[in-house]
Amino acid sequence: MEIKDSLNRKCVCFLTRNTKTEAISQLVDLLKTCGKIDDVESIKEKLLYREKLMSTGIGLGLGIPHIRTEMVTEPVMAVGICKEGISDYDSIDNKPVWVVLLIIAGKDQHRQYIKLMSQAVTLLKEPGMIETLKNSTTSEEIYKIFAG
Amino acid sequence: MSEFLGEIISGVSLQHLNILFLLGLALFGGTIGGQLFQKLRIPQVVGYIAIGILIGESGFKIVNQDTIQALQPFNYFALGLIGFMVGGELKKEVLAKYGKQFVTILLFEGITPFLLVTVFVGVIGTFLFKDWKLAWSLGLLLGAIASATDPATTTQVIREYKTRGPLTKILIGIVALDDGLALLLFVLASSIAGSLTGKHQMTLWMKLLHTLYEIGGSVLVGVITGWILKKIVTKYAERGRLLAYSIGTVLLVTGLSIVLKIELLLAAMTAGIILINSRSRKGKILFDLVEQFTPPIYVLFFVLIGAKLNISHLSGVSLAIVGVYLVGTLSGKTIGSHFGGIISKAPATVRKYLPFGLFSQAGVAIGLSILAAQYFPGDIGNTLVIVITATTFITQLIGPYCCKVALTKADEVGLDITEEDIIAQSKAKDVMDPNIPLINENQTLPQVLSKFSETDNLFYPVIDEENRLLGVITIENIKDAFSSFELGSLILAHDLMEPVTSVTHPETPLFDVKEAIDRQALEFIPVVSEDNMVLGIIETRNLQRQISSRILELRKQADMLG
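Note that the structure is predicted; figures quoted are calculated from it, not measured. (Residues numbered from 1 in each chain as written. Chains lettered and ligands numbered in written order. Predicted model: local features only at pLDDT ≥ 70, side-chain atom pairs only at ≥ 80, totals over all residues.)

What follows covers the overall build of chain A. Helix and strand counts for chain A stand at six helices and six strands. The order of helices and strands in chain A, counted from the N terminus, is α-β-α-α-β-β-β-β-β-α-α-α. Residues classed as buried in chain A amount to 39% of the 148 residues present. Restricting to contacts in chain A with at least 6 residues of sequence separation, those with at least 24 account for 71%. (Helix = DSSP H or I, 4+ residues; strand = E, 2+ residues; numbered from the N terminus. Buried ≥ 20, exposed ≤ 12 C-beta atoms within 10 Å, placed from the backbone. Contact = placed C-beta atoms within 7 Å.)

Right, let's talk about the sheet that holds strand β2 (residues 459-463) of chain B for a bit. Residue and element names in this part refer to chain B. Read from one edge to the other, the open sheet built from three strands follows the order β1-β2-β3, with strand pairing classed as mixed. Two strands close off the open sheet at either side, each with one partner strand: β1 (439-440) and β3 (469-474). Relative to β2, β1 runs parallel, the two sharing two bridges. Across the sheet, Ile439 pairs through a bridge with Val462, a residue of β2. (Pairing = 2+ DSSP bridges.)

We now examine helix α14 (residues 295-308) of chain B. For an α-helix, 3.6 residues make a turn, and residues three or four places apart therefore share a direction. Here α14(B) spans 20 Å end to end across 14 residues, near enough to the 20 Å set by a 1.5 Å rise per residue. Considering only its buried residues, α14(B) is in contact with α2 (19-39), α3 (44-55), α4 (65-70), α5 (72-87), α8 (151-160) and α18 (379-409) of chain B. (Expected span 1.5 Å × (residues − 1).)

As a further point, take the pairing of strand β6 (residues 97-106) of chain A. Residue and element names in this part refer to chain A. With nine of 10 residues buried, β6 is to be regarded as a mostly interior element. Looking at chain direction, strand β4 (residues 66-69) and β6 are connected through four bridges and run parallel. If you follow Thr69 over to β6, its bridge partner there is Gly106.

With that out of the way, let us pick up unusual backbone geometry. All names here are of chain B. Not every positive phi belongs to a glycine, and Lys162 is a case in point at roughly 50°. Since 18 C-beta atoms lie within 10 Å of it, Lys162 is described here as partly exposed. Of note in the backbone geometry, Ala521 takes a positive phi value of approximately 50° without being a glycine. Mapping Ala521 onto the fold places it in the loop between α24 (510-520) and β4 (524-528).

A separate point is the nonpolar core. Judged by nonpolar contacts, the single largest core of 126 residues is most densely connected at B:Leu141, B:Leu142, B:Ile145, B:Ile170, B:Ala182 and B:Tyr325. The biggest single contributor to this core is helix α9 (residues 166-197) of chain B, with 16 residues. Here this core gathers at least three residues from each of two domains, domain 1 (2-55) and domain 2 (71-293 + 313-416) of chain B. Residues within four places of B:Leu141 in sequence aside, it is in contact with B:Ala189, B:Ser190, B:Ala193, B:Ala372 and B:Leu384. Listed in part, the 78 residues of the second largest apolar core include A:Cys11, A:Leu133, B:Ile537 and B:Ile547. (Core = buried A, V, L, I, M, F, W, Y, C linked by C-beta atoms within 7 Å. Domains from an automatic or database assignment.)

On the chain B side, the residues contacting the 15 residues of chain A number 13 residues. When contributions to the side of chain A that touches chain B are tallied by element, the ones reaching two or more residues are α3 (40-53), β4 and α4 (110-124) of chain A. The greatest single-element share of the side of chain A that touches chain B, amounting to six residues, is contributed by α4(A). Considered class by class, the residues forming the side of chain A that touches chain B number eight nonpolar, four polar and three charged. (Nonpolar A, V, L, I, M, F, W, Y, C, P; charged D, E, K, R; others polar.)

What follows is about α2(B). All names here are of chain B. With 21 residues, α2 extends 30 Å from end C-alpha to end C-alpha; this agrees with the ideal 30 Å at 1.5 Å per step. Tucked inside the fold, the buried residues of α2 contact α3, α4 and α14. Directly after α2, the chain includes Arg41, whose backbone phi takes a positive value near 60°.

A few words on the environment of B:Asp559. Residue and element names in this part refer to chain B. Assignment of secondary structure puts Asp559 in helix α25 (residues 540-560). Judged by the 12 C-beta atoms lying within 10 Å of it, Asp559 falls in the exposed class. Spatially, the C-alpha atoms of Asp559 and Arg164 are 8.4 Å apart, while their sequence positions differ by 395 residues.

This brings us to the packing of α5(B) against helix α11 (residues 239-260) of chain B. All names here are of chain B. For the pair α5 and α11, the least separation of the axes is 9 Å and the interaxial angle reads 115°. In the crossing of α5 with α11, the sense of the turn from one axis to the other is right-handed. Each of Tyr76, Phe77, Gly80, Leu81 and Phe84 in α5 lies in contact with α11, whose residues at this interface are Val250, Leu251, Val253, Thr254 and Ile258. In terms of residue class, the contact of α5 with α11 is made up of eight nonpolar, two polar and no charged. (Axes fitted to C-alpha atoms, helices over the stretch in contact; angles between N-to-C directions. Left-handed = near helix turned anticlockwise from the far one by under 90°.)

So, on to the packing of helix α6 (residues 92-129) of chain B against helix α15 (residues 316-343) of chain B. Residues and elements named next belong to chain B. In contact at an axis separation of 7 Å, α6 and α15 are set at 150° when each is read in the N-to-C sense. With respect to their mutual orientation, α6 and α15 come out roughly antiparallel. Crossing geometry of α6 relative to α15 is assigned as right-handed. (Parallel < 35°, antiparallel > 145°, perpendicular 65-115°, else oblique.)

Okay, the pairing of strand β5 (residues 76-86) of chain A next. All names here are of chain A. Judged from the four bridges that link them, strand β1 (residues 7-14) and β5 form a sheet pairing that is parallel. Counterpart to Leu7 in the pairing with β5 is Met77. Here β5 pairs with β6 via seven bridges, running antiparallel. Bridge pairing links Gly80 to Val100 in β6.

Structural measurements only, silent on function.
Written out as structure tokens, the structure is:
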């Protein structure tokens, strides 16, 4: 299971809002538009509950909201770039988040879930990666970075 | 309509109740009686017999002599099963360990009541009957019968109270063997009585030869059928088939014993001994299967015993003989088994409490009294039958209780517990691990891994802030996360946990818990309170280990008794 198998090029966007809740909400709506999920409200609720437990802002301008749910059968991802930076993300380094990578996996897709997160963290922690993504001008450009 | 109902009701009377209905009534009533007596801490078997007395000849006469006669084959079958199960207790190791004690105690506990009852009845009967020949003949015959102990009630008490230890082993050995001794003493007694009364039908040697045929024939039939069953069971594993062959064998042994006029208890017991001492482990499985089949048979058997007892013809003289017989038997059993125990160096609990386990008399005693009545028709025969019926009535009511007291005092009660018993007696709270490490849903992967490394559990309940169960993390869940340590605080217990498919509560019977575990092939089941707070967890692998170690612990306790 690679990132490219779970990320549809249509599920990449530039975020128009700069709060954590709105950013997550926009990415969930995008997944709905792409036909990847149905119950938008329930998924938003679960993602925000997870954020309440502990923020997924892992520093370096990166946020990876994620859940497992019976509402999907295959892992799905969405990427959003916020040029202004999300300052209320509550990252561990207290810095704004520029790149938000949303991962939703099936209830029993434990292994794929961990693997996708691991791959994403390895990729995004490459030196200069966040800067490259921040400076991207099209969603296709962003997609190619993730899809390899 | 009313005409139709009237016709139906007018056609119904106690005499018209069919056998199946009566069997149902006996089984239902007997079981209820057993439960009532159990609540009074009296062995259930007394309850079965009491219900029998209530519905039988001495009570409401719902079950009459004709019905009892019609059900006689059923009684034989029950006796066959009892003999077979007693044989199943006599393993080589038991015979080797307790063999000497069996024989010594048997001789003393059998011969002492024989002598005491003979002398007591002989002396007092001489005054009562004004005929010393009649009195001493009656004394000899009653003395011989006094040596027999009822294996049915004794084994039933042992079974009900799950006893294990030296007293249990010796009791089983004695009740298994003393019928043989009673037969020999009866032959001797009836020969002397025949000489005294001038009613010689057979010479002593002929009678001894006859007894030898009965005992030898029984052993031979038992050996052959036991050997055949042993050969059969090695070929099959299917439980239903094994049970059918076993019951078939018991029926064959019983039927053959009746046809050949040999001792059916001894024959069935020998078959049981042969089977339990075969090398195949299936012997034990087979006895467990038959044991599960026996409860309704035993209930009916004891209800019918009670129904058969008729003491309405008891006269003053007979009543006096009943008293003398009881004193002689009980004191004879007490003195004999005590000295037998001392001489054979039996453990202290055996010497002290064995006599109380030997008070019951039934089938063999009644059988011998009927035989004696045929040999000695008239005063001796009639008195003998009424005395044995009355004393059986009394000993069947007090014998099981005394037996229970003896086994309780010897600390052997509850030591022969099986896996099924433990499951039936326990609740979820008895077997759960209450010290299970709990993981909060917001604990990070490194914190979860550190918890896993501290304990050897395979399943960790995940809880919310209020300790309510949310899910569980298994070793399987965490395996993939080991190689992804870089994810650090990005992964929480919340992300790793699995939903819980089944929970149980502390008061849930373990039987239901086990059933849920087996049905859903669960590896664990969390125990939660009504408001879903985690109280513990039951891991299937630990549950099995816990039950086995409890059984081993009880067996060790029993072995330490002697």
